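Chain residues, written in single-letter form:
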Amino acid sequence: MHDGSLLTAERTSSTAPVPVPVVAAGQTPRPVAVAVLAGAGLTVVAAVLAAMRMLPAGSRAGAWRYRYVGWFSWEMLLPFAGGVAAVLALLWLTHRLGTRRERLTVGMWLAAAVPLQLVVRAADEVSLGATVASDRANSFYSPSLRFGAYEYLTRFADIVHTLPQHARSNMPGKTLLYHLLGVVSTNPAVLGIAITAVSSLGAVLVYLLVREVLGDRRVALYALILCLLVPGRLYFLPILNAVSPVPILLALWLFTRYLRVAHWGWAVALGGSLYLVFFFEPLPLVMGLTFAALAALALYRRQLDGFGLLRLVSLTLAAFAAAYLGMRLLFGYDLFVNLAEVLADATDFNERAHRPYDVWVVRNLGDFALCAGFVAVAVLGYATWDAVRRGVLRPIAALTLSGLAVLAFLDLVGINRGETTRLWIFLAVFLTIPVAWVCARSPRVWPFAVVAAAMMLQVATTTPMIAFIRP
């Protein structure tokens, strides 16, 4: 396979990479078919276990689990059937449009993004509006009604102790997102749809990232579609964990733009976006391992030298410092003091809730599979083996292996204990890239269609039965 990517392009060129299609044999490679079908089989098994109320979600020994709230009925499969029909129709239209109408194709999928997601999770009896309005499920909406944005930020140190649990133990960016969306509407139902749309921006950024790193429109489009169907995202919409991938993916895309063009503007924008990651949800910052992997690969391929790396780091830190100082001067808000309080609260909460490390270091991996999708995990296993077999000094290998390193690091460090299905969403979204790459190794569309259908089956059979979120 050919890796057309930013790491093989001229750094001085400011034009978009020339799309290089994935080269595949006339038939689907057998390992690809085996991985996809095995993943689909695992999904069917999981769906049957869920129907029997035997699929584990969380851990009793770990002091947190998602309870079952319903019994299986065949009507639950209607959203699955509707989602599969919609995806197949859109794939047919994609084929008809051909490769020369890329923007139209992407626009078509983005236009369908929110309706498609709402169809797939339609069996959930809890409405988006009810979830948004609930302080138990989502405690960021009510503070946005009680306090103005300026007051909330300038008096955050005083206000934070009066907030509901989730708002109290998170950074202020999540509540301020509701302030921003409140310019359009404060109706909870409208906000639920708006948050679904904002979350879908992650799919756009995944598409742009793949185009930069791999230079392949087919892989990019597949990754965009799979991002929309990640089970964890759909389980927890409109909880703001579904939005958490957006800031870190924005930062990663800006980073790859600098690696291609080496313009100071991209580095400055990167510094600002990293502040946004801290301000909204710091956990995805462990994706720094992916930044490091791509930088190391660029250095190895001599597309980046030591001076260029120093320039990138310096400009990024300067922009971050400017954002930090600007927020201190204008609003009196200290990011690092707030961050230290949030980290201390998370550590203390694990102790108070009696969530043992030795249980969650194992259980976290099961929750990741539930979040990413069982079919995605099976295909990711093949992508990892292929990355090692073909050589790690390739862009797709750097993305895959660095993503798995993030998974291993977060698991072993032991911060996430309980409720971790939603905390893995940002990584599950990112790891749709190697899954899409494996599907694109086949010249036929059926491996991708099977993966997408399996994800929708998992969502349709588990969402109405398991209380991932309840007002």
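Remember, predicted model here, so these are calculated numbers, not experimental data.

Peer 1: What am I meant to see in the overall build of the protein chain here?
Peer 2: The helix and strand tally for the protein chain stands at 24 helices and two strands. Scaling as 2.2 N^0.38, a compact globule of 471 residues should have a C-alpha radius of gyration of about 23 Å, and the protein chain matches this with 22 Å. Buried positions account for 58% of the 471 residues belonging to the protein chain. Residue pairs at least 24 apart in sequence account for 81% of intrachain contacts in the protein chain once pairs closer than 6 positions are excluded. Summed over its atoms, the accessible surface of the protein chain is roughly 19,000 Å², and 67% of this surface lies on carbon and sulfur atoms. Here the protein chain contributes 37 positive and 23 negative side-chain charges, whose respective centroids are spaced 9 Å apart.

Peer 1: Would you mind showing me how to read the pattern of salt bridges here?
Peer 2: Close approach of charged atoms lets side chains of opposite charge pair. Considering all chains together, one arrives at 17 salt bridges under this definition. Note that aspartate 386 and arginine 441 form a salt bridge whose closest N and O atoms lie 3.5 Å from each other. On the criterion of sequence distance, the pair formed by aspartate 386 in helix α19 (residues 374-390) and arginine 441 in the loop between α23 (432-440) and α24 (446-462) is long-range, its members being 55 residues apart. Arginine 441 shares its class with aspartate 386; the two are buried. A salt bridge links arginine 422 to glutamate 419; its shortest N-O distance comes to 3.2 Å. Each member of the pair, arginine 422 as well as glutamate 419, is classed as buried.

Peer 1: Any chance you could explain unusual backbone geometry here in plain terms?
Peer 2: Both trends apply: most residues other than glycine have a negative phi, and most peptide bonds are in trans. Cis geometry is found at the peptide bond from leucine 237 to proline 238, where omega equals 5 degrees. With respect to the secondary-structure elements, proline 238 resides in the loop between α12 (231-236) and α13 (245-261). The backbone of arginine 53 sits at a positive phi, close to 60 degrees, despite the residue not being glycine. Topologically, arginine 53 is positioned in the loop between α1 (30-51) and β1 (58-59).

Conventions and cut-offs
- Residues numbered from 1 in each chain as written.
- Predicted model: local features only at pLDDT ≥ 70, side-chain atom pairs only at ≥ 80, totals over all residues.
- Heavy atoms only, no water.
- Helix = DSSP H or I, 4+ residues; strand = E, 2+ residues; numbered from the N terminus.
- Rg over C-alpha atoms; globule rule 2.2 N^0.38 Å.
- Buried < 20%, exposed > 50% of the residue type's maximum accessible area, 1.4 Å probe, protein only.
- Contact = heavy atoms within 4.5 Å.
- Areas by Shrake-Rupley, 256 points an atom, 1.4 Å probe, with all protein chains shown as cover.
- Lys, Arg positive; Asp, Glu negative; His and termini not counted.
- Charge placed at Lys NZ, Arg CZ, Asp CG, Glu CD.
- Salt bridge = Lys/Arg side-chain N within 4 Å of Asp/Glu carboxyl O.

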